[in-house]
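A look at the structure
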Amino acid sequence: MREVLVIMTISGVGCWVVDYIYQDIDFLNPTVQKYLSKDGEKGMIINEASLIDELVKYFNKPIEQIVKEIVGDTKPIKNLGGVAIIAMITTSQLLYDFKDTMIKFYANVPNNELGNFVYEALKTTPLCLEHISRKEGESIITYVFCGKEINGESSRTFLGFPHLPKTLALSLNQLDDEFFNSDINFFGHIRWEPEINNNFTYVLKECKKHGSVTIVSTASDPLMKGEKRWLLGDSDDVYKYIDFLIMNKSEALHYSGENDLDKALEFFKTYPIEGILITDGINPTYALSRENLCLPFEGFIPVSEDIIADKKKGILPRGDTVGCGDNFVGGVIASIASQLRKENQRIDLEEACIFGNLNGGLASTIYGGLFKERFFGERKQLVKKYYYRYKAKNK
């Protein structure tokens, strides 16, 4: 009797953009300095996201002029980006040879030149595109200003829009039965999708009702600028239905409303979140996993020193830090999925974090977050190479 192949489904939704990335911006240049925030509200904040409309209004200049003054004659690198789409793409790259696994992304892209660019980029990846819809709508881009790299890390500052326009935003009814019946549901910077964001508690609750593992990653949220504590989704109830929460240190402080990491962790630990991961650039990643879905663990997991060293030696190319966090998330999702596929009784979040750190670190060898594979499996080969070296050094 032929064995029936059971498909694992990973479905994602959230931020996608087209990035215009400018390298080697000197943030100490007086011309650039005048556009930086002095009060934490008006102007750009280094390493966070700012709104185009607010800058245009505050400085009373068109965005094209502002960008020109910041970048000078520097030409942009045009690339597909976004917290959610890059995480899903790199997940599909790392699981490309799992024939019993399907990775889907739900989004509407404009039926114009920019939409064609997005769709053609997606076609080069193993991601399933059946839920990428083409609609009439305006082009959405993000300007990314990358500072000069220091000690393996560089600053990057984003200038974009708070969310998709209504013409391109997903509607709730586009999240079909396939979505809610997925084995893993991933949400990346969900405010990008306003209707899903405004019903986020309901969406997460439905996922959990169908037995899904829910993974949520956050992002710098310019709409929350000036707020003491940032709101995730529609209310704090969302934290009751999140299995794995992934953020960087700055976001952890913003979403908890606290000034230091220990107090931030106290806030998140009051909710039944199974696993928490907090990145901090090239510093060790904080990981907490609880004894339910996971093996219990709490501690800090170092990034790969070999990746940093090989960049300095010229063995690996130097890129930027755009998308490093998104690739970290993709590595974590791929590891969790792989562990579930092997029917592990509990998820080893420490192991998933190592995969995330490696995949995120390797993103600093490219420009932008999208690793453009020459062949399916190239990304996985590279991660595995550094994985074995990492494990040998950290026995």
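You'll find the structure just up there.
In this report, we go over the structure that sits alongside the text.

Conventions we followed
- Residues numbered from 1 in each chain as written.
- Predicted model: local features only at pLDDT ≥ 70, side-chain atom pairs only at ≥ 80, totals over all residues.
- Heavy atoms only, no water.
- Helix = DSSP H or I, 4+ residues; strand = E, 2+ residues; numbered from the N terminus.
- Rg over C-alpha atoms; globule rule 2.2 N^0.38 Å.
- Buried < 20%, exposed > 50% of the residue type's maximum accessible area, 1.4 Å probe, protein only.
- Contact = heavy atoms within 4.5 Å.
- Areas by Shrake-Rupley, 256 points an atom, 1.4 Å probe, with all protein chains shown as cover.
- Lys, Arg positive; Asp, Glu negative; His and termini not counted.
- Charge placed at Lys NZ, Arg CZ, Asp CG, Glu CD.
- Disulfide = S-S within 2.5 Å.
- Axes fitted to C-alpha atoms, helices over the stretch in contact; angles between N-to-C directions.
- Parallel < 35°, antiparallel > 145°, perpendicular 65-115°, else oblique.
- Left-handed = near helix turned anticlockwise from the far one by under 90°.
- Core = buried A, V, L, I, M, F, W, Y, C linked by side-chain atoms within 4.5 Å.
- Pairing = 2+ DSSP bridges.

Once that is clear, we can look at the overall build of the protein chain. The number of helices and strands found in the protein chain is 14 helices and 14 strands. A globule of 395 residues ought to have a C-alpha radius of gyration of about 21 Å, and the protein chain, at 20 Å, matches this closely. Taken along its principal axes, the extent of the C-alpha atoms in the protein chain is 70 × 50 × 45 Å. A burial count over the protein chain gives 58% of its 395 residues as buried. If you take every contact in the protein chain between residues at least 6 apart in sequence, the share linking residues at least 24 apart comes to 75%. Accessible surface, the protein chain: about 17500 Å² in total, of which carbon and sulfur atoms supply 50%. Side-chain charges of the protein chain comprise 46 positive and 54 negative groups, with the mean position of each set lying 4 Å from the other.

This part is about the environment of Ser-235. Its place among the elements puts Ser-235 in the loop between strand S10 (213-217) and strand S11 (244-248). With relative accessibility at 22%, the residue Ser-235 sits in the partly exposed group.

Okay, the state of the cysteines next. Counted according to the given criterion, the structure contains 0 disulfides. No disulfide involves Cys-15; its sulfur sits 16 Å from that of Cys-146, the nearest cysteine. For Cys-15, a relative accessible area of 6% puts it in the buried group. Summary of cysteine pairing: Cys-146 is not part of a disulfide, and the nearest cysteine sulfur, belonging to Cys-324, is at 9.8 Å. For Cys-146, a relative accessible area of 0% corresponds to the buried category.

Running from amino to carboxyl end, helix H9 (residues 249-256) crosses helix H10 (residues 261-269) at an angle of 60°, the nearest separation of the two axes being 9 Å. Here H10 runs oblique to H9, going by the angle between their axes. The two elements H9 and H10 meet at a crossing, and its hand is left-handed. Only Leu-261, Ala-264, Phe-267 and Phe-268 of H10 make contact with H9, whose side of the interface consists of Lys-249, Ala-252, Leu-253, Tyr-255 and Ser-256.

Another aspect to go through is the nonpolar core. Core analysis: the largest hydrophobic core is formed by 85 residues, its most contacted members being Trp-16 and Phe-145. No other element matches the 8 residues that helix H4 (residues 83-94) contributes to this core. Among all residues touching Trp-16, those that are not within four sequence positions of it are Gly-81, Gly-82, Ile-85, Phe-105, Ala-107, Asn-108, Val-109, Pro-110, Leu-114, Val-118, Leu-164 and Trp-192.

Here we come to the sheet that holds strand S14 (residues 297-301). Read from one edge of the open sheet, 9 strands run S6-S5-S1-S9-S10-S11-S12-S13-S14, paired in mixed fashion. Whereas interior strands pair on both sides, the edge strands pair on one side only; in this sheet they are strand S6 (132-135) and S14. Neighbour-to-neighbour, the strand axes of this sheet turn through a mean angle of 15°, independent of strand direction. Alignment of strand S9 (residues 184-188) against S10, held across 5 bridges, turns out to be parallel. When the bridges of S10 are listed, Phe-187 appears paired with Val-216. Across the sheet, helix H13 (residues 349-362) lies against S11, strand S12 (275-280), strand S13 (283-289) and S14, angled at about 20° from S14, the strand it touches most.

Such coordinate-based values are descriptive only and should not be taken to indicate function.
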